Amino acid sequence: QVQLQESGPDLVKPSQTLSLTCTVSGESITANGYSWTWIRQAPGKGLEWMGAIAYSGSTYYSPSLESRASISRDSSKNQFTLQLNSVTPEDTAVYYCARRVITNSNYDYWGQGTQVTVSS
């Protein structure tokens, strides 16, 4: 059983940096065949793919966020993190981490999501 759990602040001030961590159990984030992904959903909006880090360590970002987002990992802790710089209220959303199967592009496991509000 693979489990993912998001953690981080629930309130961030505009212009600051948001840092979220996804802790994974049941599978190594360096295991072949998977990509570890950040997805968010703003109020009233659909799911937005933000970026991912593959088992190899390669990172990928949404073009709309690539200038502000950074994904990294700590394999010793089996965690991967999202850093989003210069946040604005438009970054208010529920943030999810998820595992993606590379061969079929399916998201097979998701965290429960964490609400992040950007407000002064």
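In this text, all values refer to a predicted model and were calculated from it rather than measured experimentally. All residue numbers refer to position in the chain's written sequence, counted from 1. Only residues with pLDDT of at least 70 are given local features in this predicted model, and only at 80 or more are side-chain atom pairs given and counted; all residues enter the totals for whole chains, interfaces and linings. Hydrogens and water are ignored here; the side-chain numbers use all heavy atoms of the structure.

Quick notes on the overall build of the protein
Okay, step 1: Scanning the protein for helices and strands turns up 0 helices and 11 strands.
Okay, step 2: Each helix (α) and strand (β) of the protein, taken in turn from the N terminus, gives the series β-β-β-β-β-β-β-β-β-β-β.
Okay, step 3: For the protein, whose C-alpha radius of gyration is 13 Å, the value lies close to the compact-globule estimate of 14 Å for 120 residues.
Okay, step 4: Relative accessibility under 20% of the residue-type maximum defines a buried residue, over 50% an exposed one, and the middle range a partly exposed one, all with a 1.4 Å probe and only protein chains included. With 120 residues in all, the protein has 39% of them scored as buried.
Okay, step 5: Here a residue-residue contact requires only that any non-hydrogen atoms of the pair lie within 4.5 Å. Taking the contacts inside the protein whose residues are at least 6 apart along the sequence as the reference set, 53% of them involve residues at least 24 apart.
Okay, step 6: Surface exposure here means Shrake-Rupley accessible area, sampled with a 1.4 Å probe, where a residue is shielded only by the protein chains that are shown. A total of about 6200 Å² of accessible surface is found on the protein, and carbon and sulfur atoms cover 43% of it.
Okay, step 7: We treat Lys and Arg as the positive residues and Asp and Glu as the negative residues; His and chain ends play no part in the count. For the purpose of locating charges, the reference atoms are NZ of Lys, CZ of Arg, CG of Asp and CD of Glu. Treating the 8 positive side-chain charges of the protein as one cloud and the 9 negative ones as another, the clouds have centres 2 Å apart. The numbering of helices and of strands both runs from the N terminus, where a helix is a DSSP run of H or I of at least 4 residues and a strand a run of E of at least 2. Our radius of gyration is a C-alpha quantity, and the globule rule it is checked against amounts to 2.2 Å times the number of residues to the power 0.38.

A closer look at unusual backbone geometry
Okay, step 1: Although it is not a glycine, Asn78 adopts a positive phi angle of roughly 55°.
Okay, step 2: Assignment of secondary structure puts Asn78 in the loop between β7 (69-74) and β8 (79-84).
Okay, step 3: The buried category is assigned to Asn78, whose relative accessible area is 13%.
Okay, step 4: One non-glycine residue, Ser86, adopts positive backbone phi at about 50°.
Okay, step 5: The residue Ser86 is located in the loop between β8 and β9 (93-101) in this model.

Quick word on the side chain of Arg40
Okay, step 1: Relative to the assigned elements, Arg40 resides in strand β4 (residues 34-41).
Okay, step 2: Side-chain polar atoms of Arg40 contact the side chain of Tyr95, separated by 3.0 Å.
Okay, step 3: Discounting chain neighbours no more than four positions away, the residues touching Arg40 are Gly46, Leu47, Glu48, Met50, Leu65, Leu84, Asp91, Ala93, Val94 and Tyr95. Between N or O atoms, a polar contact is any pair within 3.5 Å; within protein, one atom must be a potential hydrogen donor and the other a potential acceptor, and residues adjacent in sequence are included only when both atoms are from side chains.

Looking at the sheet that holds β8
Okay, step 1: Two strands are counted as paired when DSSP detects at least two bridges linking them. If you trace the 4 strands from one edge of the open sheet to the other, you get β1-β3-β8-β7, paired in antiparallel fashion. Only two strands of the sheet have a single partner each, and these edge strands are β1 (3-7) and β7. Neighbouring strand axes in the sheet, compared pairwise and without regard to direction, differ in orientation by 20° on average. Fitting a line to C-alpha atoms yields each axis, with helices limited to the stretch in contact; the angle taken between N-to-C directions then spans 0 to 180 degrees.

Topic: the environment of Gln79
Okay, step 1: Tracing the sequence through the fold places Gln79 in strand β8.
Okay, step 2: Along the sequence, Gln79 and Ile29 sit 50 residues apart, while their C-alpha atoms lie 7.4 Å from each other.
Okay, step 3: Within the structure, Gln79 has its side chain in polar contact with the side chain of Thr23 (distance 3.0 Å).

Any functional reading would require information that these geometric values do not contain.
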